[in-house]
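# A closer look at the structure
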Amino acid sequence: MNLPLLLQSSTEWLAWSGLGFALVTAIAFAARWGLRFRLVGVTSFTLLLAVSSWAFSVSYTPPVAIEGAVRAPVVFDNGNDLVVAKASPEMDPDSVDPTLKQLAGNLRPGGRSSDVVVVRLRQLQQAGDGLSKPVILGQTEVKTRATARLNKG
């Protein structure tokens, strides 16, 4: 079961359970049962879980997956205007553009003060006796308004 369906299903189950507990709690208060105050806590917590599950399902956006892209973990993000991802040494040159587009699509602009975020894909190449140098395979600029322009360089 995928996550959006799971969230929808759990929200419904938790909401109905919370309403059922509310009914049992009302009966417990009317009958003056000793566990009526515990039922208040159970009811409140169940309804809180239902609301939290609903809020998460509304705000959830699945990650962007582009055909031909490979996994490139983000190794640096200054939180403002630069994100750097690491390409594997055996990365195919044809997968650079799709990988950059996927990284740009999965970038969340919230909290960034810059209007443009540069996303770079870099690879470490051997430079000699145990040394390596970073080589930029490509970069893209992402406007925080969700428009991207691809610059190969």
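Residues numbered from 1 in each chain as written. Predicted model: local features only at pLDDT ≥ 70, side-chain atom pairs only at ≥ 80, totals over all residues. Heavy atoms only, no water.

Attention shifts here to the overall build of the protein chain. Secondary structure assignment for the protein chain yields three helices and five strands. The C-alpha atoms of the protein chain give a radius of gyration of 25 Å, which is well past the 15 Å a tight globule of 153 residues would have. The dimensions of the protein chain, computed from C-alpha atoms along their principal axes, are 80 × 35 × 30 Å. Looking at the protein chain residue by residue over its 153 residues, the buried ones come to 25%. Taking the contacts inside the protein chain whose residues are at least 6 apart along the sequence as the reference set, 54% of them involve residues at least 24 apart. (Helix = DSSP H or I, 4+ residues; strand = E, 2+ residues; numbered from the N terminus. Rg over C-alpha atoms; globule rule 2.2 N^0.38 Å. Buried < 20%, exposed > 50% of the residue type's maximum accessible area, 1.4 Å probe, protein only. Contact = heavy atoms within 4.5 Å.)

A few words on the pattern of salt bridges. The full count for this structure, using the stated rule, is one salt bridge. Between arginine 112 and aspartate 77 there is a salt bridge, with the nearest N and O atoms lying 2.8 Å from each other. One end of the pair, arginine 112, is in the loop between α3 (96–105) and β3 (116–126); the other, aspartate 77, is in strand β1 (residues 74–77), with 35 residues separating them in the sequence. Owing to a relative accessible area of 15%, arginine 112 belongs among the buried residues under this scheme. (Salt bridge = Lys/Arg side-chain N within 4 Å of Asp/Glu carboxyl O.)

Attention now goes to the pairing of strand β4 (residues 132–143). Along any regular strand the residues' side chains alternate between the sheet's two faces. Relative to β4, β3 runs antiparallel, the two being bridged by eleven bridges. Within the sheet, the bridge partner assigned to glutamine 125 lies in β4 and is lysine 133. Between β3 and β4, which follow one another and run antiparallel, lie five residues, and glycine 128 among them has a positive phi close to 145°. (Pairing = 2+ DSSP bridges.)

Topologically, valine 142 is positioned in strand β4. Relative accessible area serves as the criterion here: at 8%, valine 142 is assigned to the buried category. Spatially, the C-alpha atom of valine 142 lies 43 Å from that of tryptophan 16, the residues being 126 residues apart in sequence.

Now for the pairing of strand β2 (residues 82–86). Burial of β2 is extensive: four of the five residues sit out of reach of the surface. Relative to β2, β1 runs antiparallel, the two being bridged by three bridges. Directly across from phenylalanine 76, in β2, lies its bridge partner valine 84. In the sheet, β2 pairs with β3 via five bridges, with the strands oriented parallel. Residue valine 84 lies in a different strand from β3, and its bridge partner there is arginine 120.

This brings us to a nonpolar patch on the surface. The grouping of Met1, Leu3, Leu5, Leu6 and Phe56 at the surface amounts to a nonpolar patch, some 510 Å² of accessible area in total. Sort the elements by how many residues they give to the nonpolar patch and helix α1 (residues 3–31) lands first, with three residues. Relative to the helices and strands, leucine 3 resides in helix α1. The class for leucine 3 is partly exposed, based on a relative accessible area of 33%. (Patch = residues over 30% accessible without salt bridge, like charges linked within 9 Å, V, L, I, M, F, W, Y side chains within 5 Å. Areas by Shrake-Rupley, 256 points an atom, 1.4 Å probe, with all protein chains shown as cover.)

Moving on to the environment of glutamate 141. Summarising the element assignment, glutamate 141 is placed in strand β4. Given a relative accessible area of 22%, glutamate 141 falls into the partly exposed group. For the pair glutamate 141 and leucine 82, spaced 59 residues apart in the sequence, the C-alpha separation amounts to 9.3 Å.

Let us now look at the packing of α1 against helix α2 (residues 36–59). In contact at an axis separation of 8 Å, α1 and α2 are set at 160° when each is read in the N-to-C sense. Overall, the two elements α1 and α2 adopt an arrangement that is roughly antiparallel. Considering how the two elements wind past one another, α1 and α2 form a crossing that is left-handed. (Axes fitted to C-alpha atoms, helices over the stretch in contact; angles between N-to-C directions. Parallel < 35°, antiparallel > 145°, perpendicular 65-115°, else oblique. Left-handed = near helix turned anticlockwise from the far one by under 90°.)

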